[in-house]
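Fold and contact review
Below are the chains, spelled out letter by letter.
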Amino acid sequence: MTAGHRRDWDVVVVGLGALGSAAAWALARAGARVLGLEQFELGHHRGASHDHARIIRRSYHTPGYVRLAGLAYGAWAELEGEAEERLVVTTGGLDLFPAGSAIPPGPYRASLEACGVPYQWLDAAEVMRRWPAFRLDPDVHGLWQADAGIVPAAHGTRLLQRLAGGHGATLLDRTPVTAVHDRGGWVEVATSDAPFRAGRVVLCADAWTGDLLAQLGAHLPLVVTQEQFSYFRPADPDDFAVGRFPVWIWMDDPSFYGFPVWPDAALKTAQDVGGPQVTATTRGFDPDPAASARLAGFLRTRLPAAGAHDHTATCLYTLTPDRDLALGPLPGHDHVLVGLGAAHGFKFAPLLGRVLADLALHGGTEVDISPFGLDRPALATPDPRASYLV
Ligand SMILES: Cc1cc2nc3c(=O)[nH]c(=O)nc-3n(C[C@H](O)[C@H](O)[C@H](O)COP(=O)(O)OP(=O)(O)OC[C@H]3O[C@@H](n4cnc5c(N)ncnc54)[C@H](O)[C@@H]3O)c2cc1C
């Protein structure tokens, strides 16, 4: 890119994690002149899209999410087609509900049924018969959904960037956006280097979203937490291999989740939402011993063959009060779009990229994103009640 061409972009995408990279891919594929700006090096570990694995699943607590997940599988298939590479690893998924669980099974079962998605409801004995690594009390039930699996996090993000570039997107790393100005009809995106002018800007800045919105005089009640994930080395990794062991979620408070051994000999598991509230700048990178102890205690009783601890790393969750995605124009700023995964967005990334591209280029999308608008009560109320376990 030469300095003379800097000003004229259809869309600037701010942030090149999974969502921004997917938006850049979809925009460039659609023929738009797209510039993606990332403040750090591509593939860095300070956000939410690094490491190996993310869960993809249809089992969700509303029919809207079950349908969205169905569309997400289609979007991954499209990405696989273009990349000529298999990305979704089907393992089957097991949601484990102890009696009286903090996350109730009813809405999950009803939503799958409403959408005609097959699942099995298993008692504890049947779960342990099929997957003997689990040690469950008799009051636990398992919701088994055969399509669930793994999508590759860092690799998938890198791939989206590569394909975006192949379609002509310009992606600049180490280019922090210092401000976004709504000029009414177009936007100016300021960087320490040069300002860029564009028809629309798509903010996919996750934990940094609040900083960019503040520049526009806007605010969303987002909470950033520092979370961590750990790898264990089972004595017998074959017992946890893809095909023999599923992705799983413990649907209680605390909630834990985990994967089969993938891609190499270690087993990934973590707590969902338990970490301290931080900001993208105050966060640390050291594991929290209390969180490690919580996970170790859970594994000792429920998954004792998980084996010896290998290593733990940190990441950031950016949470909306209702844990719902945030997608769409910033109220009062039609040319500024926001895409935020609310700490469960990776599975939807290729789909959300297309949705954001549709919004940026056509002002609408065929996908029902009505629950995720930035003007919904949970985001518009000054002090909304937060409920992150869904
Ligand atoms: C440990 C962990 C486990 C998860 N598990 C799952 C799972 O199993 N399934 C699932 O579906 N989802 C999961 N998620 C959620 C999912 O990974 C995230 O929703 C998704 O990766 C967010 O992508 P993103 O692109 O919005 O954010 P990020 O990857 O954080 O990218 C945002 C980017 O914006 C850049 N940026 C910010 N501000 C600026 C600026 N001013 N200028 C330039 N660049 C800027 C940042 O540097 C960053 O690279 C998990 C998340 C974590 C952290």
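Residues numbered from 1 in each chain as written. Predicted model: local features only at pLDDT ≥ 70, side-chain atom pairs only at ≥ 80, totals over all residues. Heavy atoms only, no water.

This brings us to the overall build of the chain. Looking only at helices and strands, the chain has nine helices and 20 strands in total. Projected onto its principal axes, the C-alpha coordinates of the chain cover approximately 65 × 40 × 40 Å. The proportion of buried residues among the 390 residues of the chain is 55%. Sequence separation of at least 24 residues holds for 74% of the intrachain contacts in the chain that already meet a minimum separation of 6. By element, 52% of the accessible surface of the chain is carried by carbon and sulfur atoms, the whole surface being about 15600 Å². (Helix = DSSP H or I, 4+ residues; strand = E, 2+ residues; numbered from the N terminus. Buried < 20%, exposed > 50% of the residue type's maximum accessible area, 1.4 Å probe, protein only. Contact = heavy atoms within 4.5 Å. Areas by Shrake-Rupley, 256 points an atom, 1.4 Å probe, with all protein chains shown as cover.)

Core analysis: the largest hydrophobic core is formed by 77 residues, its most contacted members being Leu 27, Leu 68, Trp 76, Val 202 and Phe 348. For this core, the element with the most residues is helix 2 (residues 63-83), which contributes 10 residues. Listed in part, the 34 residues of the second largest apolar core include Val 189, Leu 203, Ala 205 and Leu 212. (Core = buried A, V, L, I, M, F, W, Y, C linked by side-chain atoms within 4.5 Å.)

With 21 residues, helix 2 extends 30 Å between its outermost C-alpha atoms, agreeing within 8% with the 30 Å of an ideal straight helix rising 1.5 Å per residue. All buried positions along helix 2 are accounted for by Tyr 65, Val 66, Leu 68, Ala 69, Ala 72, Tyr 73, Ala 75, Trp 76, Leu 79, Glu 80 and Ala 83. Buried-residue contacts for helix 2 involve helix 1 (18-29), strand 3 (53-56), helix 3 (105-114), strand 8 (149-152), helix 5 (153-166) and helix 8 (349-362). Residue Glu 84 follows helix 2 closely and has a positive phi angle near 55°. (Expected span 1.5 Å × (residues − 1).)

This next bit is on the site of the ligand. Near the ligand, the surroundings consist of 35 residues, among which Glu 38, His 44, Ser 49, Ile 55 and Cys 315 are the closest. At a separation of 3.1 Å, an oxygen atom of the ligand approaches a polar backbone atom of His 344. Considered on its own, the ligand offers 1000 Å² of accessible surface; in the complex 96% of this is hidden by protein. The element contributing the most residues to the shell around the ligand is strand 18 (residues 308-319), with three residues. When grouped by side-chain class, the residues that make up the shell around the ligand number 21 nonpolar, 10 polar and four charged. (Near = heavy atom within 4 Å. Polar contact = N/O pair within 3.5 Å; in protein donor to acceptor, adjacent residues only side chain to side chain. Nonpolar A, V, L, I, M, F, W, Y, C, P; charged D, E, K, R; others polar.)

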